[in-house]
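Structural features, examined
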Number of protein chains: 4
Amino acid sequence: MKLSDPSATVSTSSSLITRFNLIRKQTLAICKPLHPEDYVVQPIDFVSPPKWHLGHTTWFFENFILAPHLASYQLFDERLNWFFNSYYESQGPRILRTKRGNMTRPNLERILEYRRYVDQHMQAFLDSREAQLPEELKYMISVGLQHEQQHQELLLMDIKYILGNNPLFPAFAEKKMPESGNRPVNYLPVSEGIYEIGHQGTDFCWDNELGRHKVYLPDFEIQDRLVTNGEYLEFIQDGGYENHEFWLSEGWEWLKTLELKVPLYWYPRADKWYEYTMAGIGPIDLNKPVAHISYFEAEAYARWKGLRLPTEFEWEAAFQIHGKAPTLNAFLESGFAHPLASETAEDNQLLGHLWEWTASAYLPYPNFPRFKGALGEYNGKFMVNQMILRGGSAATPISHIRSTYRNFFHANMRWQFSGIRLVKDNH
Amino acid sequence: MKLSDPSATVSTSSSLITRFNLIRKQTLAICKPLHPEDYVVQPIDFVSPPKWHLGHTTWFFENFILAPHLASYQLFDERLNWFFNSYYESQGPRILRTKRGNMTRPNLERILEYRRYVDQHMQAFLDSREAQLPEELKYMISVGLQHEQQHQELLLMDIKYILGNNPLFPAFAEKKMPESGNRPVNYLPVSEGIYEIGHQGTDFCWDNELGRHKVYLPDFEIQDRLVTNGEYLEFIQDGGYENHEFWLSEGWEWLKTLELKVPLYWYPRADKWYEYTMAGIGPIDLNKPVAHISYFEAEAYARWKGLRLPTEFEWEAAFQIHGKAPTLNAFLESGFAHPLASETAEDNQLLGHLWEWTASAYLPYPNFPRFKGALGEYNGKFMVNQMILRGGSAATPISHIRSTYRNFFHANMRWQFSGIRLVKDNH
Amino acid sequence: MKLSDPSATVSTSSSLITRFNLIRKQTLAICKPLHPEDYVVQPIDFVSPPKWHLGHTTWFFENFILAPHLASYQLFDERLNWFFNSYYESQGPRILRTKRGNMTRPNLERILEYRRYVDQHMQAFLDSREAQLPEELKYMISVGLQHEQQHQELLLMDIKYILGNNPLFPAFAEKKMPESGNRPVNYLPVSEGIYEIGHQGTDFCWDNELGRHKVYLPDFEIQDRLVTNGEYLEFIQDGGYENHEFWLSEGWEWLKTLELKVPLYWYPRADKWYEYTMAGIGPIDLNKPVAHISYFEAEAYARWKGLRLPTEFEWEAAFQIHGKAPTLNAFLESGFAHPLASETAEDNQLLGHLWEWTASAYLPYPNFPRFKGALGEYNGKFMVNQMILRGGSAATPISHIRSTYRNFFHANMRWQFSGIRLVKDNH
Amino acid sequence: MKLSDPSATVSTSSSLITRFNLIRKQTLAICKPLHPEDYVVQPIDFVSPPKWHLGHTTWFFENFILAPHLASYQLFDERLNWFFNSYYESQGPRILRTKRGNMTRPNLERILEYRRYVDQHMQAFLDSREAQLPEELKYMISVGLQHEQQHQELLLMDIKYILGNNPLFPAFAEKKMPESGNRPVNYLPVSEGIYEIGHQGTDFCWDNELGRHKVYLPDFEIQDRLVTNGEYLEFIQDGGYENHEFWLSEGWEWLKTLELKVPLYWYPRADKWYEYTMAGIGPIDLNKPVAHISYFEAEAYARWKGLRLPTEFEWEAAFQIHGKAPTLNAFLESGFAHPLASETAEDNQLLGHLWEWTASAYLPYPNFPRFKGALGEYNGKFMVNQMILRGGSAATPISHIRSTYRNFFHANMRWQFSGIRLVKDNH
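Residues numbered from 1 in each chain as written. Chains lettered and ligands numbered in written order. Predicted model: local features only at pLDDT ≥ 70, side-chain atom pairs only at ≥ 80, totals over all residues. Heavy atoms only, no water.

**A short note on the sheet that holds strand β9 (residues 387-390) of chain D**
Residue and element names in this part refer to chain D. The strand order β10-β9-β8-β11 describes an open sheet built from four strands, whose pairing is mixed. Two strands lie at the open edges of the sheet, namely β10 (407-409) and β11 (418-419), each paired on one side alone. Direction of pairing for strand β8 (residues 355-361) relative to β11: parallel, over a ladder of two bridges. Following the sheet pairing, Glu356 is matched in β11 by Gly419. Of the strands in this sheet, β8 and β9 touch helix α9 (residues 312-322), which is tilted by about 130° from β8. (Pairing = 2+ DSSP bridges. Helix = DSSP H or I, 4+ residues; strand = E, 2+ residues; numbered from the N terminus. Contact = heavy atoms within 4.5 Å. Axes fitted to C-alpha atoms, helices over the stretch in contact; angles between N-to-C directions.)

Quick look at the structure:
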């Protein structure tokens, strides 16, 4: 994986056209190492074919910007417009999500044409009138770019799932990861009090971060780095996956039904523990953070350890006190598509490397404001049966993260780049 | 349904043996109107055969009290002991939950023998030594009685499901319900501030109510009665079940898959709306509270109405300010097994009639203390993918309710006696 | 099980009213040992609740005889008439087959009332006018009685399934079976030639036996008794269930999916092989015929043995040469509900004991005549994906069997009383 | 689709190396119009990705010929050898059939390398020693070529399914089909008597055609061409898909579950009936044979028409009397991948155009000889729950067909090129 140079880490203050070009190019850079065959499949219902991501992100601009706002615009192909709709039910009929992987046409080449066509029209559109665009439309384009960045992360998740479940275990990102040292964990204190939670200011954020509000928190201490493979291995070797006491009831059923005994992408062999990373299959690095963990596993690990997961409010409060600026090597731009070890106490990994499971269900903040119209559907629709993750990952574009960012997945999902950080009660 | 006289509403200060006798008798009184055939079936996986409830509650006392603590005790039948284990996985093998409905033996008669046998031994046990029992054991017996009361409610839920889905719609509770008047809804104010949430004092409570803690709440107003059938009918007639905008994404899928268009037990006919209640099938009473509503439906109704559900913290704070003592006609002891209408502003229905869906996911309170051993497994195991309900219902024994009681169900469940109360933000 | 005395083995020459009374009484005699609870359940989709059989056979007479032909007849209960329809789709709406086991009402008592009501009307109907009834109507009543006899066998199959899958293994037929001796198998020769296959004469038969026609058969030899438990055990102990070579591809998948290793109702324990028979659970009698075998198992056993199953034409030709009259101890009237061993060469077991799997698929005979109307639907509808069995079983009424009787089941079914007889090619 | 010139219709008398080269080239010619993306997917469990066919047919030669018989042979890639095993369970572990469509690697390019590698080694192997090869080995190579020809037909079936279920309906074979005339159907007589059925002589045949034997047949008459789209449309327009009377019970369930109303690849639109053929989507040609029909549909059509399907014995006897030599335009080599209309009485279509459903279940012939070893597994394994089809289709290589060829599919399958011919009883 050869990503665009770091300047691709577009600051939100760049012009729309600059950001548009950098972000759209980055999506293609991510896919570079794939063969045409890799773009097609949907090995499991929650994975989308890479081809589909390329089309769907393009459709966003055609459908919400060009078609309604560029007077002379002709749809590239009416049938493709129909194809690449996804969850926006108010935008009319869509193809069944689970059938996406059967669609060999439009083929990759045709979709790349579609991208070029829409990119050219977007460039022309922005070139001539960016300055005069109404705020609402500029905001809509921003949403399209944030949406594309989300799909960059999804692309990496899906590509990893496609290749990491292929018995040939093909490598994707050839870049060599640095050796990792071993560092004991410490605890960062957070004091009792009322904290303000949620997005502040005028920068972009998703609707679910709005509704900044007060939360009362007791004293607690939070780990200063992510839980490592080595630490998690102790849990496994202590019978973690065989003892129902550590597990939520639904987690135990999940485990038993799927006959799971290790995290996703771990492949125990006779002599050793192996892991599939984007660099291919190899022995597990015990000092790296444990990744591709479900909420069920994170919660069970915490119980076994006698500690607990932070709530999302605790996580955000901890960041307010101990947070640092994001660094490139913890994000998509590193080119590793994999978390690195924290080598110093300085590096507390709150941002990047892995999304951190919290003990909070995904629910609206008090006074959660619902957007009107098609976009308004998005986040509020999913506020049930999912858990919050915080902090971003090695598959997240660095310019896409915020400390108030609320990611969410079902408790059994683990193809996202997710990990664990624990909390200790102070009393 | 002829229930024991109101004195069955045992106060927690009665002696254990008094409470034991009253509660055990009440369970049988509930089942009185059933035919032997009604005790056997499990029409859907979440329903248990009434026969099973009778055996399982008995098993609790045999297994946790008599077998370990009564020196000379002989199991009534080893195979029955094995049969009636349920979720207590640490108590060894159990029969698959979904197979319960195929087990015609032990038959009812045999299970009633089992009850008599265990009751006699429990009476002998308590008779001679209640005074000297160690606190821990007394607590365990209390748990057994609370457990039996929970199963009294489950019995009514399951019986209603079995009879209410039978095309002959047999009546169960013949007692006639009073006529209902129509009363406009009002809003009760609750002021911004820090509230203490969770159980206080030394009376019995479940583990999930412990960990009393502070919560910061903004100003809000809460409805002074439950939402009625008439109000809910407006939602239906406004296309509520046909418009995805009102629904959570999973709710919409649920609706579409099951082709739902009305609450459970509503049976629209050519000319009129009918409802199955325990008194049989009949025209819907528009002034009674809408019952057997899933979280998905409650949430959709709230969106359609432009209001929202209270969090469980808001509900508990509202009760601290506006709560009243429970009254018999709102609970199991009424013999209606159905909610009544609120006729006066005095009667705000916070306790009884219907469990009220809250906007809170079922999660541990801060410092949630986990019990050790077999019983400890219970509540903590289920803290994922469920929503909190508050207040008790017409199927709850009056002595079983508390304002801090946390009930929980999956968002799609609606065979419990559940209803809706809404909240308005004050700003 | 205390069945009516042997005179219940009604000859087809008896008057209709005699046969009606004997057969209807026999159905109740079969059910005698059941508890009300046993009548309700449907542990698997292909099993029907005993209660349902009692109602459905009664419905036949109400629906096809009384309602259309007895002028003043009032339906016993319109809703029950609707309930007990089954496969006769032309008779209007019916309840879903897999939901039958959830219907606790009408309860047993009510269904017995229904039987009494219909029986009284049928008796009155036949009493006064049997002599004058048109042939067509007499034929219809005969069909109703044959139908009831089929359901007598189904009742025993279903009761055995309900009790034999209950971990308490309750006994049903207390009558003690005789000891069995061991007898080596011999082969009966059948010569090459053209044979006439299918029903002949004017006695009752099902439509699928009609279309008597010529079939050319080569020389072959057929075993002179059923395969025994002891012989089948050799197959198991030789790895029969672990070696895919012996199995049809679909049989192997079936086996692996259900994790089968023995016939239905065999329960291997640490030291010994046990079998559930209607007399309860006990050690397997090695000399008795192996029962409750699927076609997949019969076919695999034949392959392992280096022999093959007979076609249904070969079976019928063999009967034409070697057949004997049926004897009571091989049929329902024995009261064993279980096959006995063949003690002498005289007793070749072609009729009774167990239905014998043939290598023939269930297909129409040339010139198969289809009945018109509701009854016509029955047999022809099922002529795909089923295999033919011949000869009747210990659950078949003796007056119900014929050498031309074509029974049929799917290749994976084994709750019927089925067994194996093999053929050797003579060249 | 540009197929090799007609000389590709290799006669079985050609040398092995000639046949090998022609047949292997033909497989690639078939795939020529595909994009790499088209090779990957498995839209439904019974379809295999085209990529897989290319690899699996190659694996046959590597695994059964080169690896055991060419001394110095090195496997091209051990992991690919493992990948491309399919039903030959005795050849060790294989990938789950339903997971094939998730495997993007090995990609097409790699599989084409595999083919080249194996082809070169086979050529070298045959070049130097074809004359001296033992008969058994020559036979094995013949089997490999027949196997490859079977997969040529499967390739066309699967490609059509992949493209014909894509809403863009891409064309595959651009060759224009001739206009069709309308010709009334006539009946060809076959006289009562004993017919010899099964393969005769020393030419290649599959094991299931062996065991030539006598069958007695009554008089009958058989249609002199395939049933047309126009004739089938009458059935549809007469309510054929809405009336359960015409259908086998399992067929009716199948229909209702899948909500079918037309043959596969028929797409009714507002004004007209459309059909997807390999030439793309277009109005249905009423004079062409109706194709992609399941057994359920063929049987229902026959019932509606008051006629019946022939048994496979009748079909073969009819061919013995009325059969003609195969002609190129009825087979794969036509390049249409679609049946043509019969324009003259001369052209009775018994060979080619469409496989014809018979009323015979797929069962062994008397004395069916089982092959030993891995290949022996194939045909005998499937002799249950399938129906016989006869005559070959527009997707069958002309050199692959014989009048004794027994094809078989489950009664609900219709992605094969299947059609209908009816029989009238003569009495």
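**Remarks on the relation of the copies chain B and chain A**
Its rotation angle being 180°, the transformation that places chain B on chain A also includes 0.0 Å of axial translation and leaves an RMSD of 0.0 Å. Given the turn and translation reported, the copies of this chain are related as if by a two-fold rotation axis. For chain B, the smallest separation between a C-alpha atom and the rotation axis is recorded for B:Asn385, amounting to 2.3 Å. (Least-squares fit on C-alpha atoms with pLDDT ≥ 70 in both.)

**Topic: helix α1 (residues 16-31) of chain C**
All names here are of chain C. Between its terminal C-alpha atoms α1 stretches 23 Å, which fits the 22 Å expected from 16 residues at 1.5 Å a residue. Taking burial as the measure, the 16 residues of α1 include 12 buried ones, the bulk of the element. Regarding α1, the residues found buried are Leu16, Ile17, Arg19, Phe20, Leu22, Ile23, Arg24, Gln26, Thr27, Ala29, Ile30 and Cys31. Among the structural elements, α2 (50-69), α4 (108-129) and α5 (135-164) are those in contact with the buried residues of α1. (Expected span 1.5 Å × (residues − 1). Buried < 20%, exposed > 50% of the residue type's maximum accessible area, 1.4 Å probe, protein only.)

**Topic: the interface of chain D and chain A**
Reports often express the size of an interface as the amount of accessible area lost when the parts come together. Listed as interface residues are 29 residues of chain D and, on the opposing side, 29 residues of chain A. Summed over both partners, the interface of chain D with chain A comes to about 2,500 Å²; 60% of that surface belongs to carbon and sulfur atoms. It is D:Glu37, D:Arg105 and D:Leu168 in chain D that bury the most area against chain A; as a group they hold 31% of the surface buried on that side. In this structure, A:Arg105 engages D:Asp38 in a salt bridge whose closest nitrogen and oxygen atoms are separated by 2.7 Å. Applying the counting criterion to the chain D and chain A interface returns 12 residue pairs in polar contact (both at pLDDT 80 or more). Breaking the side of chain D that touches chain A down by element, the ones donating at least two residues are α3 (78-83), α4 (108-129) and α5 (135-164) of chain D. With three residues, the single largest contributor to the side of chain D that touches chain A is α3(D). Tallied by class, the residues present in the side of chain D that touches chain A amount to 15 nonpolar, eight polar and six charged. (Buried area = accessible area lost by both parts, 1.4 Å probe. Salt bridge = Lys/Arg side-chain N within 4 Å of Asp/Glu carboxyl O. Polar contact = N/O pair within 3.5 Å; in protein donor to acceptor, adjacent residues only side chain to side chain. Nonpolar A, V, L, I, M, F, W, Y, C, P; charged D, E, K, R; others polar.)

**Points about the pattern of salt bridges**
Once their charged atoms are close, side chains differing in charge can pair, the charge on each being opposite to the other. All names here are of chain B. Considering all chains together, one arrives at 92 salt bridges over all chains under this definition. With its nearest N and O atoms 3.0 Å apart, the salt bridge here joins Asp224 to Arg183. Of this pair, Asp224 sits in the loop between β4 (220-223) and α6 (229-237) while Arg183 is found in the loop between α5 (135-164) and β1 (187-190), placing the two residues 41 residues apart along the sequence. A single burial state applies to Asp224 and to Arg183, both of which are buried.

**Considerations on the sheet that holds strand β7 (residues 280-283) of chain B**
By definition, the strands of a sheet pair up through backbone hydrogen bonds, in either a parallel or an antiparallel sense. Residues and elements named next belong to chain B. Judged by pairing direction, the sheet is antiparallel, and its three strands sit side by side in the order β5-β6-β7 without closing on themselves. Of all the strands in the sheet, just β5 (266-268) and β7 have a single pairing partner and so form its edges. Pairs of neighbouring strands in the sheet enclose a mean axial angle of 30°, with direction left out of account. Where β5 meets strand β6 (residues 273-277), three bridges bridge the pair, whose relative direction is antiparallel. Of the residues in β6, the one forming a bridge with Tyr267 is Tyr274.

**Topic: the domain arrangement of chain A**
Split by domain assignment, chain A resolves into domain 1 (6-164) and domain 2 (187-425). The centre of domain 1 of chain A, based on its C-alpha atoms, is set 27 Å off from the matching centre of domain 2 of chain A. (Domains from an automatic or database assignment.)

**Describing the interface of chain B and chain A**
Contacts between the two partners involve 35 residues from chain B and, on the opposite side, 35 residues from chain A. Roughly 3,000 Å² is buried in total at the junction of chain B and chain A, and carbon and sulfur atoms are behind 52% of that figure. Our count for the contact surface shared by chain B and chain A stands at two salt bridges. One salt bridge connects B:Lys214 with A:Glu192, and the closest N-O pair in it is separated by 3.9 Å. Where chain B packs against chain A, one counts 12 residue pairs in polar contact (both at pLDDT 80 or more). When residues of the side of chain B that touches chain A are traced back to their parent elements, those giving at least two are β3 (213-217), α7 (249-258), α8 (295-305), β8 (355-361) and α10 (373-380) of chain B. Of the residues forming the side of chain B that touches chain A, the biggest block, four residues, is contributed by α8(B). Each residue belonging to the side of chain B that touches chain A can be placed in one class, and the counts come to 15 nonpolar, nine polar and 11 charged.

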